[in-house]
Amino acid sequence: MSILVFGGTGKVGSVAVKHLINDGLKVKIFSHSPDKFNTFPNEVEFIQGDLDNPETIPNALLDVEDMILILGVHKDEQERGLSVINAAKKSNIKRIIYLSLVHDPGTEAVPFYKSKLVIENEFKQSDMNWTIIRSSSFFQSDALLKNDIVDKSIFSAPIGSQGVYRIDTRDVGYAMAKATINKFNENQEFRLFGDDPLTGEGIADIYSRLLDKNIIYGGDDLDKWASFKKDGFPPWSLNSLRIMYGCVQKNGMKPFPGEKKCHLLPEKLISFETFATELVSSW
């Protein structure tokens, strides 16, 4: 039997695939982007399909018992996820490993958080075993802020000062693979955090040092941020992010008091300093 990965060509999924292959497992990737297939080892099997066309999903589930589901943020994310789960219910799928988000008070009002909860409830009520990986926000989101940081000298993401334990997608991909390999994690939820509490001001200082120029934090004013970014996001996404950042400013995104580092993560995590150095070098 193979392991099928939805989202296997993305930043998290591609890392998970690499670790699964290195562990000697058979892997299939479901993707609508055949141009990305040649970046993977020959032993990976590719199934070309489209989450917006549910009829392409059942064929990918043949000879598969374990399935990793990683869905990108999208206005139709809920419908896409439910299409996969409904097809899995009618197939031989025994277990799903699902990438979700850390939920703090208020995030249930964020549309792309709410959609994940609907998807989770759907497979929790099925006969499939499941593992949910709840991740903190990704370092890699900063790659989308190049123009703000480099050209405008602003770290614009309004993450506030409560502390966000952001994490590298490479460490999340490692954890997704480990959760798949270790079946004793069935019917459990795990939360992933980085090592350090990052703030808007702190991240701006790091980019200032790495770029050798003054980068300022754009501040916590969400109306000002929405106006600044209104041409960079479609309205549904801008509204969702605005609500999310409001929650982050209020609560941060951090482990509970006494919460231990998730055992699925590698012993040594990639630091934000390491990531930011790599990112700036690529710019």
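Keep in mind the model is a prediction, meaning the values are calculated, not measured.

A. Broad picture of the overall build of the protein. Along the backbone of the protein there are 9 helices and 9 strands. Of all 283 residues assigned to the protein, the portion counted as buried reaches 49%. Across the protein, contacts joining residues at least 24 apart in sequence account for 77% of those joining residues at least 6 apart. On the protein, roughly 13400 Å² of surface is accessible, and the fraction owed to carbon and sulfur atoms is 50%. The centroid of the 33 positive side-chain charges in the protein is displaced by 1 Å from the centroid of its 38 negative side-chain charges.

B. Spatial organisation of the nonpolar core. Of all hydrophobic cores here, the largest spans 35 residues; its most connected members are Phe155, Tyr207, Met244, Tyr245 and Phe272. Those elements giving two or more residues to this core turn out to be helix H3 (111–124), helix H6 (200–211), helix H7 (222–228), helix H8 (235–251) and helix H9 (272–282). Contacts of Phe272, omitting those with residues within four sequence positions, involve Phe139, Asp142, Arg166, Leu198, Ile203, Ile206 and Tyr207. In terms of nonpolar packing, the next biggest core, distinct from the first, is built from 28 residues, Val17, Val44, Ile68 and Leu264 among them.

C. Structural detail: the packing of helix H2 (residues 77–89) against H3. Where H2 contacts H3, the axes come no closer than 9 Å and their chain directions differ by 10 degrees. In terms of orientation, H2 lies roughly parallel with respect to H3. Residues Glu77, Gln78, Gly81, Leu82, Ile85, Asn86 and Lys89 of H2 pack against Phe112, Ser115, Lys116, Val118, Ile119, Glu122 and Phe123 of H3. Taken together, the residues of the contact of H2 with H3 sort by class into 6 nonpolar, 4 polar and 4 charged.

D. Summary view of helix H5 (residues 169–181). Here H5 spans 18 Å end to end across 13 residues, near enough to the 18 Å set by a 1.5 Å rise per residue. Those residues of H5 that sit buried are Thr169, Asp171, Val172, Gly173, Ala175, Met176, Ala177, Ala179 and Thr180. Contacts from the buried residues of H5 go to strand E1 (2–6), helix H1 (11–22), strand E4 (64–69), strand E5 (95–101), strand E6 (129–135) and strand E8 (188–192).

E. Local environment of the pairing of E4. In terms of residue burial, E4 counts as a mostly covered element, since 5 of its 6 residues are buried. Relative to E4, E1 runs parallel, the two sharing 5 bridges. Looking at the pairing, Phe6 lines up with Leu69 of E4. Across 4 bridges, the pairing between E4 and E5 is parallel. Counted as the bridge partner of Ile68 is Ile97 from E5. Viewed along the sheet, the connection from E4 through H2 into E5 turns out right-handed.

F. Up close: H8. With 17 residues, H8 ought to run about 24 Å at 1.5 Å a step, and its terminal C-alpha atoms sit 25 Å apart, in line with that. Regarding H8, the residues found buried are Ser237, Leu238, Ser240, Leu241, Met244, Tyr245, Cys247 and Val248. On its buried face, H8 sits against H3 and H7.

G. Highlighting the side chain of Gln140. Mapped onto the fold, Gln140 is located in the loop between E6 and helix H4 (146–151). With relative accessibility at 13%, the residue Gln140 sits in the buried group. From its side chain, Gln140 meets the backbone nitrogen of Thr169 in a polar contact 3.1 Å long. In this structure Gln140 touches Lys11, Ile167, Asp168, Thr169, Arg170 and Phe275, once residues within four positions along its chain are discounted.

H. How the structure looks around the sheet that holds strand E3 (residues 45–48). Taken in spatial order, the 7 strands of this open sheet run E3-E2-E1-E4-E5-E6-E8, and their pairing is parallel. Looking at the sheet topology across the chains shown, the edges are occupied by E3 and E8. When strand polarity is set aside, the average angle formed by the axes of neighbouring strands in this sheet is 20 degrees. Sheet analysis places strand E2 (residues 27–31) next to E3, joined by 4 bridges and oriented parallel. Looking at E3, one finds that Phe30 is bridged to Ile47. Contacts from H1 reach E1, E2, E4 and E5, with the element oriented near 165 degrees to E2.

I. Expanded view of the packing of aromatic side chains. For the structure shown, the criterion picks out 13 aromatic pairs. With 5.6 Å between their ring centres and 70 degrees between their planes, Phe40 and Phe46 make a pair best called edge-to-face. Since its relative accessible area comes to 13%, Phe40 is described here as buried. The exposure class assigned to Phe46 is partly exposed, which follows from its relative accessible area of 21%. Both rings, one in Trp225 and one in Tyr245, keep their centres 5.3 Å apart while their planes meet at 75 degrees; by these two values the pair is edge-to-face. Of the two residues, Trp225 is situated in helix H7 and Tyr245 in helix H8; the sequence distance between them amounts to 20 residues. Put simply, the rings of Phe139, Phe155, Tyr207, Phe272, Phe275 and Trp283 pair up and form one aromatic cluster. Looking at Arg191, its charged tip hangs above the ring of Phe256, at a distance of 3.7 Å from the centre.

The rules behind the values
- Think of each chain on its own: its residues are numbered from 1, step by step along the sequence as written.
- Given that this is a predicted model, residues contribute local features only at a pLDDT of at least 70 and side-chain atom pairs are listed and counted only at 80 or more, while totals for whole chains, interfaces and linings are drawn from all residues.
- Only heavy atoms go into the side-chain values, all of them from the structure, while hydrogens and water stay out.
- Helix and strand assignments follow DSSP, with helices taken as H or I runs no shorter than four residues and strands as E runs no shorter than two, numbered in order from the N terminus.
- Throughout this description, buried means an accessible area under 20% of the type-specific maximum (1.4 Å probe, protein chains only), exposed means over 50%, and partly exposed covers the range between.
- In this description, contact between two residues means that some pair of their heavy atoms is separated by no more than 4.5 Å.
- With residues, only the protein chains shown are counted as cover, and all accessible areas are computed by Shrake-Rupley using a 1.4 Å probe.
- Positive residues here are Lys and Arg, negative ones are Asp and Glu, while His and the chain termini are left out of the count.
- To locate a charge, the coordinates of NZ of Lys, CZ of Arg, CG of Asp or CD of Glu are taken.
- Within this scheme, the nonpolar core is defined by two criteria: the residues are buried Ala, Val, Leu, Ile, Met, Phe, Trp, Tyr or Cys, and they are joined through side-chain atoms within 4.5 Å.
- Between the N-to-C directions of two axes lies an angle of 0 to 180 degrees, each axis being a line fitted to C-alpha atoms and, for a helix, fitted only over the stretch in contact.
- Just so you know how the angles are binned, under 35 degrees is roughly parallel, over 145 roughly antiparallel, 65 to 115 roughly perpendicular, and the rest oblique.
- Following the grouping adopted for this structure description, the nonpolar residues are Ala, Val, Leu, Ile, Met, Phe, Trp, Tyr, Cys and Pro, the charged ones are Asp, Glu, Lys and Arg, and the polar ones are all others, Gly among them.
- Here the expected length of a helix is defined as 1.5 Å per residue gap, with one fewer gap than residues.
- A pair of strands is labelled paired if DSSP reports no fewer than 2 bridges between them.
- Here, the term right-handed applies to a crossover whose path from the first strand over the helix to the second runs clockwise when the strands point away from the viewer.
- Polar contacts, as counted here, are pairs of nitrogen or oxygen atoms within 3.5 Å of one another; within protein the pair requires one atom able to donate a hydrogen and one able to accept it, and residues that are adjacent in sequence qualify only if both atoms are side-chain atoms.
- Each aromatic pair joins two rings of Phe, Tyr and Trp (for Trp, the six-membered one) with centres within 6.5 Å, and gets the label stacked for planes under 30 degrees apart, edge-to-face for over 60, and tilted for any other angle.
- For a ring to carry a charge above it, either NZ of a lysine or CZ of an arginine must fall within 6 Å of the ring centroid while also lying within 35 degrees of the normal to the ring plane.

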